[in-house]
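Each chain is listed here by its residues.
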Amino acid sequence: MIHLIGATSYVPYPSWLNPADNTWQITAATFVGLMSLPALAVLYASLVPKKWAVNVLAMMFAGFSLVMVCWFLWGYKLGFGDTSIGGGVHLVGGVATQTQNAGTTGTLQHFFENFVGKPGPITSAYGEQAQADSAANTIIPFHFPTSALAYFQFVFAAITPLLFLGSVLGRIKFSAWCILVPFWSAIVYGVDAFMLWGGGYFAQEGALDFSGGYVIHMSAGVSGFVAAWCLGPRLLRDRQHALPNNLVMAAVGAGILWLGWNGFNGGDPYYAGASAAAAVVNTNLATATGVLVWIALDAWLSKEKKPTFLGGVNGMICGLVGITPCAGWVNGLGAIYVGAICTVVVWIAWNYLSKVPPFSKVDDALGVIYTHGIAGFFGGMLLGIFGDPNMIEYGCGHLNASGQVIATTQAEYLTAKGTCVPFGVNGLMYTGSAHQLWEQFRAAIWVIFWSALVTFILMKLIGLILRGARYKDEILEVGDLAIHGEEAFPEETLATRSDGAFAMAGLDKGGSGAAAATEDYPVPGTDAGGGS
């Protein structure tokens, strides 16, 4: 029997659903998902020595899957729930309302009231098909169901720990990684997402992060750096021979990462409108600038004075990360400035800051602290300078006397005029005001502190539970074969040669494949085994 009670709430196009917004949100989410699998997986697996390629792929797929399950069981509501644990955000008539107790603005009370959302599942029929809402109701009502918003936010949550995997490659235990990812995603990512995106403390104070320069990239860079410090360096042999195994496949991963970023930044206005298009154009302008600037710096100022492909990839990432916190709030010229400045700063840090403590003391395998941590920080700060108040992102909501957003119902939205107001950012370059810079700086300091503290605690706890979070040296010597029993590029073992024709031709017995494998992956304990 077909159940029809309440079916009017689940018609294909309910009154609140905009098919274009819904379609773009799901499409943008798919683009962002492709940035993790396969883009980041292929990029990282191609940049490491071949004995670690399978390990990278396994941790990428496992991490993505772990975040997916946890996100829909409790993570989404931590970052984007209707109600905060401290009671600063709650539901009123089905609409999330940011409350502001008199005299608490900027205080510890205000901070803890708006610290993180209440965890809970969204796996019911209502949870997946009802209209999306959030404590961040400057842009409500959303014109798509919770499932569209939750999946879009999931792919952001998933890529963040995968990014900082690049710092700890070549020594972290697979089991340690599988424990770290869900706890880190809940405690670090969930808190930062709620505070900056979910209507929490920093969102109410005025800090902005368009698409994750702070919540994702700076958090990943700092966490990866701390985790690498806790684990200790890779084997000396792996550090001395850290050559990419396949630059062609690295180019494939990097290219998908770049174009996937159209969904990363283009999906965050939540409307299929002008702001989304502008964010996509600005993203590509900043990225192209980053590629050209890094290549030029390598060609003119590096010791080798050669334009390197990997340098171009680093510049690409600097441009992508730098523009992420401000993609829809700067104009095209501002995007070029952001891409150039972030790339120059990171290039200097990569070549010079890496030689001084504490950076010289930590083995950040793929330099995540530079291309994501430093680029994310400067991108967020540059929003306070280049934010153009004429770059509009539309939002609907009522503001009370304290400047806090209060409830907007669907009925009010349909008849609203003055309540649907354009939203822009007053950057120093256009208004002479440094207020936005100050708010950006406060939020950045929090993300750095919280990411470092929680990552350090988690790594120490995981180390105690597993009796060490890194593999023993004899396992690190072998890599994929010892950990997973697989190789990304196995040597074919030929048929065993025998006497007769082979002897007449002067050929030795035995397959050359076994010898090649022994040369590439020496048996631990032999003279060819290397050391740390």
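Residues numbered from 1 in each chain as written. Predicted model: local features only at pLDDT ≥ 70, side-chain atom pairs only at ≥ 80, totals over all residues. Heavy atoms only, no water.

## Details of the overall build of the protein chain
Moving on, step 1. Helix and strand content of the protein chain: 21 helices and 6 strands.
Moving on, step 2. Put simply, the protein chain has 532 residues, and 53% of those count as buried.
Moving on, step 3. The long-range fraction of contacts in the protein chain, counting pairs at least 24 apart against all pairs at least 6 apart in sequence, stands at 81%.
Moving on, step 4. Total accessible area computed for the protein chain in this model is approximately 22200 Å², and 67% of it derives from carbon and sulfur atoms. (Helix = DSSP H or I, 4+ residues; strand = E, 2+ residues; numbered from the N terminus. Buried < 20%, exposed > 50% of the residue type's maximum accessible area, 1.4 Å probe, protein only. Contact = heavy atoms within 4.5 Å. Areas by Shrake-Rupley, 256 points an atom, 1.4 Å probe, with all protein chains shown as cover.)

## Quick look at the pattern of salt bridges
Moving on, step 1. Inspection of the entire model under this criterion finds 6 salt bridges.
Moving on, step 2. The salt bridge partner of arginine 171 is aspartate 363, with a shortest N-O separation of 4.0 Å. Of the two residues, arginine 171 is situated in the loop between α5 (146-168) and α6 (174-196) and aspartate 363 in the loop between α13 (332-351) and α14 (368-386); the sequence distance between them amounts to 192 residues. Accessibility assignment for this pair places arginine 171 and aspartate 363 in one class, buried.
Moving on, step 3. Each of the salt bridges in this network shares a partner with another, and the network as a whole consists of Arg171, Arg234 and Asp363. (Salt bridge = Lys/Arg side-chain N within 4 Å of Asp/Glu carboxyl O.)

## Some details on α14
Moving on, step 1. The end-to-end C-alpha distance of α14 is 25 Å, a good match for the 27 Å that 19 residues give at a rise of 1.5 Å each.
Moving on, step 2. Of all 19 residues that make up α14, 16 are buried, and the element is covered over most of its length. (Expected span 1.5 Å × (residues − 1).)

## Section: the layout of surface pockets
Moving on, step 1. Computed from the structure, the largest pocket encloses a volume of approximately 1300 Å³.
Moving on, step 2. Lining the largest pocket we find 45 residues, and of these Leu310, Asn314, Trp350, Ala365 and Leu366 sit closest to its centre.
Moving on, step 3. If you list the elements that add at least two residues to the lining of the largest pocket, you get α1 (19-47), α9 (236-240), α11 (274-301), α12 (309-323), α13 and α14.
Moving on, step 4. Examining the composition of the lining of the largest pocket, we find that 5 residues originate from one element, α12, more than from any other.
Moving on, step 5. For the lining of the largest pocket, the class distribution of residues is 25 nonpolar, 10 polar and 10 charged. (1 Å grid on protein atoms, 1.4 Å probe; cavity = no way out; pocket = protein on both sides within 12 Å on 5 of 7 lines; lining within 4 Å. Points joined across faces, edges and corners; volume = space filled by probe spheres on them. Nonpolar A, V, L, I, M, F, W, Y, C, P; charged D, E, K, R; others polar.)

## Considering the side chain of aspartate 268
Moving on, step 1. Along the chain, the position of aspartate 268 falls in the loop between α10 (247-266) and α11.
Moving on, step 2. Among the polar contacts made by the side chain of aspartate 268, one reaches the side chain of serine 211 at a distance of 2.3 Å.
Moving on, step 3. In this structure, aspartate 268 is in contact with Phe152, Gln153, Phe156, Phe210, Ser211 and Glu393, ignoring residues within four places of it in sequence. (Polar contact = N/O pair within 3.5 Å; in protein donor to acceptor, adjacent residues only side chain to side chain.)

## Remarks on the environment of alanine 452
Moving on, step 1. Residue position: alanine 452 is located in helix α17 (residues 435-466).
Moving on, step 2. Spatially, the C-alpha atoms of alanine 452 and alanine 220 are 9.8 Å apart, while their sequence positions differ by 232 residues.
Moving on, step 3. Dropping the residues within four chain positions of it, alanine 452 is found in contact with Val222 and Val226.

## Notes on the packing of α1 against helix α2 (residues 53-80)
Moving on, step 1. Following both chains from N to C, one finds α1 and α2 inclined at 160°, their axes separated by 8 Å at the closest point. By the angle between their directions, the pair α1 and α2 is classed as roughly antiparallel. Classified by chirality, the crossing of α2 by α1 is right-handed. Of the residues in α2, those in contact with Gly33, Ser36, Leu37, Leu40, Ala41, Tyr44 and Ala45 of α1 are Ala53, Val56, Leu57, Met60, Phe61 and Phe64.
Moving on, step 2. Residue composition of the contact of α1 with α2, by class: 11 nonpolar, 2 polar and no charged. (Axes fitted to C-alpha atoms, helices over the stretch in contact; angles between N-to-C directions. Parallel < 35°, antiparallel > 145°, perpendicular 65-115°, else oblique. Left-handed = near helix turned anticlockwise from the far one by under 90°.)

## A closer look at the environment of tryptophan 74
Moving on, step 1. Relative to the helices and strands, tryptophan 74 resides in helix α2.
Moving on, step 2. Separated by 44 residues in sequence, tryptophan 74 and lysine 118 have C-alpha atoms that sit 8.4 Å apart.
Moving on, step 3. Residues contacting tryptophan 74, with those up to four places away along its chain left out, are Pro119, Gly120 and Ala186.

## Thoughts on the packing of aromatic side chains
Moving on, step 1. Per the stated rule, a full pass over the model turns up 36 aromatic pairs.
Moving on, step 2. Where phenylalanine 111 meets tyrosine 201, the ring centres are 5.2 Å apart and the plane angle is 65°; that geometry is what we call edge-to-face. Of this pair, phenylalanine 111 sits in helix α3 (residues 108-113) while tyrosine 201 sits in helix α7 (residues 201-205), and the two are 90 residues apart along the sequence. Residues phenylalanine 111 and tyrosine 201 agree in their burial class; the two are buried.
Moving on, step 3. Between phenylalanine 115 and tryptophan 446, the ring centres sit 6.0 Å apart and the planes meet at 75°, which makes this aromatic pair edge-to-face. Of this pair, phenylalanine 115 sits in the loop between α3 and α4 (125-129) while tryptophan 446 sits in helix α17, placing them 331 residues apart in sequence.
Moving on, step 4. In this structure an aromatic cluster arises from ring pairing among Trp71, Tyr76, Phe80, Phe142, Phe144, Phe152, Phe156, Tyr189, Trp197, Trp261, Phe264 and Tyr270. (Phe/Tyr/Trp six-rings, centres within 6.5 Å; stacked < 30°, edge-to-face > 60°.)

## Regarding the confidence of the model for the protein chain
Moving on, step 1. Residues of the protein chain with pLDDT of at least 70 account for 81%, and the chain-wide mean is 86.
Moving on, step 2. Every residue in residues 402-408 scores below 50 in pLDDT, and together they form 28 contacts with partners more than four places removed in sequence or on other chains.
Moving on, step 3. Counting interchain partners and residues more than four positions distant, the pLDDT-below-50 stretch residues 509-532 has 30 contacts. (pLDDT = per-residue confidence, 0-100.)

## Thoughts on the packing of helix α8 (residues 213-231) against α14
A pair of packed helices is captured by two measures, namely the crossing angle of their axes and the spacing between those axes.
Moving on, step 1. Close contact between α8 and α14 brings their axes to 8 Å; oriented N to C, the two are set at 145°. Note on packing geometry: the crossing formed by α8 with α14 is left-handed. Taken together, the residues of α14 that come into contact with α8 (itself represented by Gly213, Tyr214, His217, Met218, Ala220, Gly221, Val222 and Phe225) are Val368, Ile369, His372, Gly373, Gly376, Phe377, Gly380 and Met381.
Moving on, step 2. Of the residues contributing to the contact of α8 with α14, the split by class is 9 nonpolar, 7 polar and no charged.

## Observations concerning empty space enclosed by the protein
Moving on, step 1. Following the criterion strictly, the structure yields 2 cavities of 30 Å³ or more and no others.
Moving on, step 2. Size it by volume and the second largest cavity reaches roughly 40 Å³.
Moving on, step 3. Around the second largest cavity, the lining residues are Val67, Cys70, Trp71, Trp74, Gly75, Pro182, Ser185 and Ala186.
Moving on, step 4. Taken together, the elements giving at least two residues each to the lining of the second largest cavity come down to α2 and α6.

## What about α8?
Think of an α-helix as 3.6 residues a turn; residues three or four steps apart then line up on the same face.
Moving on, step 1. For α8, with 19 residues, the first-to-last C-alpha span of 26 Å sits near the 27 Å given by 1.5 Å per residue.
Moving on, step 2. If you look at α8, its biggest bend is around 30°, right at serine 219.
Moving on, step 3. With 17 of 19 residues buried, α8 lies mostly within the body of the structure.
Moving on, step 4. The first or second residue beyond α8 is glycine 232, which carries a positive phi of 85°. (Bend = angle between axes of the 7 residues up to and from the residue.)

## Considerations on the state of the cysteines
Moving on, step 1. Tallied over the entire structure, the rule returns 0 disulfides.
Moving on, step 2. With no disulfide of its own, cysteine 342 has cysteine 318 as its nearest cysteine by sulfur position, at a separation of 7.4 Å. (Disulfide = S-S within 2.5 Å.)

## Here we look at a nonpolar patch on the surface
Moving on, step 1. The grouping of Val281, Leu285, Leu333, Ile336, Tyr337, Ile341, Met429 and Tyr430 at the surface amounts to a nonpolar patch, some 650 Å² of accessible area in total.
Moving on, step 2. Within the residue set of the nonpolar patch, elements represented by two or more residues are α11, α13 and α16 (428-431).
Moving on, step 3. The leading source of residues in the nonpolar patch is α13, at 4 residues. (Patch = residues over 30% accessible without salt bridge, like charges linked within 9 Å, V, L, I, M, F, W, Y side chains within 5 Å.)

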